[in-house]
Amino acid sequence: MKTLTVLFILTSHSVMGNTGHETGLWLEEFTTPYYELHDAGYEIEIATIEGGASPIDPRSLDGDDLPESVARYNEDEALQSAFNNALAISDVDAGKYAAVILPGGHGTMWDLPNNARLSEIISSTYQDGRVVAAVCHGPAGLIGPVEENGQPIVKGKKVAGFTNSEEEAVGLTEAVPFLLEDKLIELGANYQKGPDFEPYAVADGNLVTGQNPSSSKKVAELVIEILNAKKEGNE
């Protein structure tokens with residue numbers, strides 16, 4: 001059986017609203033699922049909204065105790081090259097991928113919601129019975145995609161994402177264009193959450209979502225579990 005390919009789609013947005021502060025991708029939310037899938041034998045491709053490297057939120061590189069996956073990325077020249085030469089979503093052939101994953105970072109709150117091309121990719125992936133996953137603020141990319149009946153793909157689904165209380169705790173409630181928890185509930189999601197900043201992820205059919213950066217590994221594990229079950233079903 002051929003190796004399955006997974007697509008990561010990352011933000012291209014680099015400024016935190018009107019604050020002037022840098023933002024972008026929260027690196028752990030890409031590197032942790034990337035290596036989980038890579039080490040499990042999946043092929044991986046990377047895209048960004050505009051193409052090329054995703055801006056990395058400098059706060060995700062702070063501190064002496066970096067996540068293991070970020071430290072590994074810092075030594076991985078091959079992945080850095082792929083990251084810097086990411087496809088633009090305008091060039092993505094969505095039908096190639098067994099799963100599409102949307103890592104977060106606050107940048108996603110500006111360029112993922114209601115992005116027409118991204119919504120096409122996510123909608124077609126989901127409608128075809130393939131896996132859609134998102135971490136932390138990545139579910140901002142689920143604002144726009146619809147099912148075949150035109151309803152939001154999150155409607156009636158168990159969905160996690162960065163909570164209002166977590167946004168308040170990091171002091172960015174007024175900086176973001178909307179609160180992700182509120183928006184998902186507004187779209188009809190069966191919003192799920194665990195304790196702030198603790199790992200929490202949920203799967204509802206082929207839709208997998210995680211609450212915060214520490215949920216990245218759980219999201220990857222759920223994606224792998226679903227993909228492995230699909231492979232076994234096709235054997």
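Residues numbered from 1 in each chain as written. Predicted model: local features only at pLDDT ≥ 70, side-chain atom pairs only at ≥ 80, totals over all residues. Heavy atoms only, no water.

## Focus on the packing of aromatic side chains
In step 1: Under the counting rule described, the total for this entry stands at 7 aromatic pairs.
In step 2: When the ring of Phe-8 is compared with that of Phe-30, the centres are 5.2 Å apart and the planes differ by 90°; the resulting orientation is edge-to-face. Taken together, the positions of Phe-8 in strand S1 (residues 5–10) and Phe-30 in helix H1 (residues 28–39) put the pair 22 residues apart, joining distant regions of the chain.
In step 3: Given the relative accessible area of 0%, Phe-8 is considered buried.
In step 4: Ring geometry for Phe-30 against Phe-83: centres 5.8 Å apart, planes inclined by 45°, an arrangement best described as tilted. Pair noted here: Phe-30 is in helix H1 and Phe-83 is in helix H3 (residues 77–84), with a separation of 53 residues, a long-range link.
In step 5: Look at Phe-83 and you get buried, because its relative accessible area is 2%.
In step 6: An aromatic cluster of at least three residues, connected via ring pairs, comprises Phe-8, Phe-30, Tyr-34, Tyr-35, Tyr-73 and Phe-83. (Phe/Tyr/Trp six-rings, centres within 6.5 Å; stacked < 30°, edge-to-face > 60°. Helix = DSSP H or I, 4+ residues; strand = E, 2+ residues; numbered from the N terminus. Buried < 20%, exposed > 50% of the residue type's maximum accessible area, 1.4 Å probe, protein only.)

## With respect to helix H5 (residues 116–127)
In step 1: An ideal rise of 1.5 Å per residue puts 16 Å on 12 residues; H5 measures up with 16 Å between its terminal C-alpha atoms.
In step 2: Turning to H5, its buried residues number three or more, namely Leu-118, Ser-119, Ile-121, Ile-122, Ser-123, Thr-125 and Tyr-126.
In step 3: Among the structural elements, S1, strand S4 (99–102), strand S5 (131–135) and strand S9 (207–210) are those in contact with the buried residues of H5.
In step 4: Measuring from the side-chain oxygen of the N-cap residue of H5 to the backbone nitrogen of Arg-117 gives 3.2 Å; that N-cap residue is Asn-115.
In step 5: Looking one or two residues past H5, Gly-129 carries a phi angle of roughly 80°, positive in sign. (Expected span 1.5 Å × (residues − 1). Contact = heavy atoms within 4.5 Å. Polar contact = N/O pair within 3.5 Å; in protein donor to acceptor, adjacent residues only side chain to side chain.)

## Section: the pattern of salt bridges
In step 1: For the structure shown, the criterion picks out 8 salt bridges.
In step 2: A salt bridge links Lys-96 to Glu-45; the shortest N-O distance between them is 3.1 Å. Of the two residues, Lys-96 is situated in the loop between strand S3 (87–88) and S4 and Glu-45 in strand S2 (residues 43–48); the sequence distance between them amounts to 51 residues.
In step 3: For Glu-45, a relative accessible area of 24% translates into the label partly exposed.
In step 4: Between Lys-157 and Glu-147 there is a salt bridge, with the nearest N and O atoms lying 2.8 Å from each other. Of this pair, Lys-157 sits in the loop between S5 and strand S6 (158–159) while Glu-147 sits in the loop between S5 and S6, and the two are 10 residues apart along the sequence.
In step 5: For Lys-157, a relative accessible area of 14% puts it in the buried group.
In step 6: With relative accessibility at 24%, the residue Glu-147 sits in the partly exposed group. (Salt bridge = Lys/Arg side-chain N within 4 Å of Asp/Glu carboxyl O.)

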